[in-house]
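# Chains, contacts and geometry: an overview
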Amino acid sequence: RHAPLGAWLRQCAALPARASCREEATCDAAASMVQQLHLRGGGKDINGKEINGKDMHNWVMKQATTQVGNEMLQREVVKAYEHKIKVEMEKKLMQAAHHVEQQVEKQIKHMDDMSSSELEKLRDKRLKQLKKDHSRKKRWESKGRGGYDVLTETEFFEMVHKHSRIVVHFFRDATERCKILDRHLKDIAQRHLETLFIRIDVEKSAFLAARLDIKVLPCVKVIKQGEVIKTLSGFEEFGARDDFRTVDLVMCLARCRILQPPESTGLPGIDDSNGNISSEDVDDCYDDGGR
């Protein structure tokens, strides 16, 4: 029944190597259609109408050509859309670079126009700020900031009374995800001295774990002014993925206003009567690829 089609397909297979992509794609599509006709008994079009052997060749070619044409048109549309997106992105990047360049030139011009007395005042102001930052850092370090220590229940309650902002990781040594979170929190603790970061072993602090309703590990409790304002159970906050970035956790805590956010985010800073660290310093901490 399909003998003429078989001969025609053999002719398609014998096309010269330089045949166009469209011809090759049409032959492939036609072969696929003929195979489907064989599988369902053949001899019928999509409307169920019988097709005789004489018209089969023309029908298959028509259907295959239409299919290939639609596929090629779709690819061209996608290609054009991707090119348009690329052009727009390059345009936006150029505009952003031009804006930054203008700002830098404006600052340079301003400094060039400043008198020696104005430069001296600017230098003194900067030195005072550096001394203030250094003094604040030493004060925070003397209170245990910058570390990431394991505390007992008694020590935990003492810290809650001494510090206004605390991030507590309730962990268990046998839980692998707790180790992943430890690496991120240890890094953040060293960079953000404005907040105290501590660890609590749930197996040695059953009373505290029950009181704070710790059911899923790892668990992070964000405490501000003695009250829990945020709970992070597992990695649900980060799409339940183990490979989330440190900066993702930083942004999560910054939205709670428990630590100073990078200036580029536009998030509000923390309210601390004892002073804050500079947002620019936080930006510099994450110039290594968003780690």
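The rules behind these values
Throughout this document, residue positions are counted from 1 along each chain, in the order its sequence is written. The model is predicted, so local features are restricted to residues of pLDDT at least 70 and side-chain atom pairs to those at 80 or more, both for listing and for counting; the totals for chains, interfaces and linings are taken over all residues. Excluded from the side-chain calculations are hydrogens and water; all other atoms, namely the structure's heavy atoms, are used. Counting from the N terminus, the helices are the DSSP runs of H or I reaching at least four residues and the strands are the DSSP runs of E reaching at least two. Exposure is judged per residue with a 1.4 Å probe applied to protein chains only, and the accessible area is read against the type maximum: over 50% gives exposed, under 20% gives buried, and values in between give partly exposed. When checking whether two residues touch, look at their non-hydrogen atoms; a contact exists if any pair is within 4.5 Å. Computed with the Shrake-Rupley method and a 1.4 Å probe, the accessible areas treat only the protein chains shown as cover for residues. The pairing test for Phe, Tyr and Trp rings, Trp by its six-membered ring, is centres within 6.5 Å, and the orientation test on the planes gives stacked under 30 degrees, edge-to-face over 60, and tilted for anything in between. The rule is short: NZ of Lys or CZ of Arg within 6 Å of the ring centre and within 35 degrees of the ring normal puts a charge over the ring. Put simply, a salt bridge is a Lys or Arg side-chain nitrogen that is within 4 Å of an Asp or Glu carboxyl oxygen. Each pair of strands is called paired provided DSSP finds at least two bridges between the two strands. Throughout, an axis means a line fitted to C-alpha atoms (over the contacting stretch in the case of helices), and angles, computed between N-to-C directions, take values from 0 to 180 degrees. For our purposes a nonpolar core is just a set of buried Ala, Val, Leu, Ile, Met, Phe, Trp, Tyr and Cys residues, chained together by side-chain atoms within 4.5 Å. To count toward a patch, a residue needs a relative accessible area over 30% and no salt bridge; like charges are then connected within 9 Å, while nonpolar side chains (Val, Leu, Ile, Met, Phe, Trp, Tyr) are connected within 5 Å. Should an angle fall under 35 degrees it is taken as roughly parallel, and over 145 as roughly antiparallel, whereas 65 to 115 is taken as roughly perpendicular and any remaining angle as oblique. For a crossing to be left-handed, the near helix must be turned anticlockwise from the far one by less than a right angle; the clockwise case is right-handed. When residue character is reported, Ala, Val, Leu, Ile, Met, Phe, Trp, Tyr, Cys and Pro are called nonpolar, Asp, Glu, Lys and Arg charged, and the others, Gly included, polar.

Take the overall build of the chain next. Counting secondary structure elements, the chain contains nine helices and five strands. Along the chain, helices (α) and strands (β) appear in the sequence α-α-α-α-β-α-β-α-β-α-β-β-α-α when read from the amino end. A burial count over the chain gives 34% of its 291 residues as buried. The long-range share in the chain, meaning contacts at least 24 apart out of those at least 6 apart in sequence, stands at 64%. When the accessible surface of the chain is split by element, carbon and sulfur atoms take 52% of a total near 19100 Å².

What follows concerns the packing of aromatic side chains. Using the criterion set out here, one finds three aromatic pairs in the structure. Ring geometry for phenylalanine 156 and phenylalanine 157: centres 5.4 Å apart, planes at 70 degrees, overall edge-to-face. Exposure remark for phenylalanine 156: the relative accessible area of 4% places this residue in the buried category. Since its relative accessible area comes to 28%, phenylalanine 157 is described here as partly exposed. Seen from their ring centres, phenylalanine 238 and phenylalanine 244 are 4.3 Å apart, and the 15 degrees between their planes marks the pair as stacked. Just as phenylalanine 238 is buried, phenylalanine 244 falls in that class too. Among the aromatic side chains, those forming a connected cluster through ring pairs are Phe235, Phe238 and Phe244. Taking the ring centre of phenylalanine 171 as reference, the NZ or CZ of arginine 199 above it sits at 4.0 Å.

It is worth spelling out the pattern of salt bridges at this point. Considering all chains together, one arrives at eight salt bridges under this definition. Between lysine 179 and glutamate 176 there is a salt bridge; the shortest N-O distance is 3.9 Å. One end of the pair is lysine 179 and the other is glutamate 176, both in helix α6 (residues 176–191) and three residues apart, which spans about a single turn. Across the pair arginine 241 and aspartate 243 runs a salt bridge, and its minimum N-O distance is 2.8 Å. You can call arginine 241 partly exposed: its relative accessible area is 48%.

What follows is about the sheet that holds strand β3 (residues 196–201). Pairing is mixed in the open sheet, where five strands are placed in the order β1-β3-β2-β4-β5. Of all the strands in the sheet, the pair left with one neighbour each is β1 (149–150) and β5 (227–233). Relative to β3, strand β2 (residues 165–171) is paired through six bridges, and the arrangement is parallel. The residue bridging valine 168 from the neighbouring strand is isoleucine 198, located in β3. Against the sheet, helix α8 (residues 246–255) contacts β2, β3, β4 (219–224) and β5, and its axis sits at roughly 150 degrees relative to β5.

The next point concerns the environment of lysine 204. With respect to the element layout, lysine 204 can be found in the loop between β3 and α7 (206–211). Overall, the relative accessible area of 71% leaves lysine 204 in the exposed class. When the C-alpha positions of lysine 204 and glutamate 153 are compared, they lie 8.6 Å apart, and in sequence the two are 51 residues distant.

Burial analysis of β2 places seven of its seven residues in the buried class, which makes it a mostly covered element. One ladder, built from six bridges, connects β2 with β4; its direction is antiparallel. Among the inter-strand pairings, isoleucine 166 is bridged to a residue of β4, identified as isoleucine 223.

Here the focus is the nonpolar core. In terms of nonpolar packing, the biggest core is built from 22 residues, with Leu185, Phe197, Leu249, Leu253 and Leu259 touching the most fellow members. Looking at this core, the elements that each hand over two or more residues are α6, β4 and α8. Aside from chain neighbours lying at most four places away, what touches leucine 253 is Val167, Phe197, Val222, Ile258 and Leu259. Of all hydrophobic cores here, the second largest spans 17 residues; its members include Val168, Ile200, Ala209 and Leu212.

This part takes up a nonpolar patch on the surface. A surface patch of nonpolar side chains, amounting to about 330 Å² of accessible area, comprises Tyr81, Ile85 and Met89. Among the secondary structure elements, tyrosine 81 is positioned in helix α3 (residues 53–113).

Below, the discussion takes up the packing of α6 against α8. Two elements in contact, α6 and α8, have axes separated by 10 Å at closest approach and are oriented at 65 degrees. Classed by the angle they form, the pair α6 and α8 counts as roughly perpendicular. Of the two elements, α6 crosses α8, and the hand of that crossing is right-handed. Across from Leu181, His184, Leu185, Asp187 and Ile188 in α6, the residues of α8 making contact are Thr246, Leu249 and Val250. Among the residues forming the contact of α6 with α8, the class breakdown is five nonpolar, two polar and one charged.

Keep in mind these numbers describe shape, not what the thing actually does.
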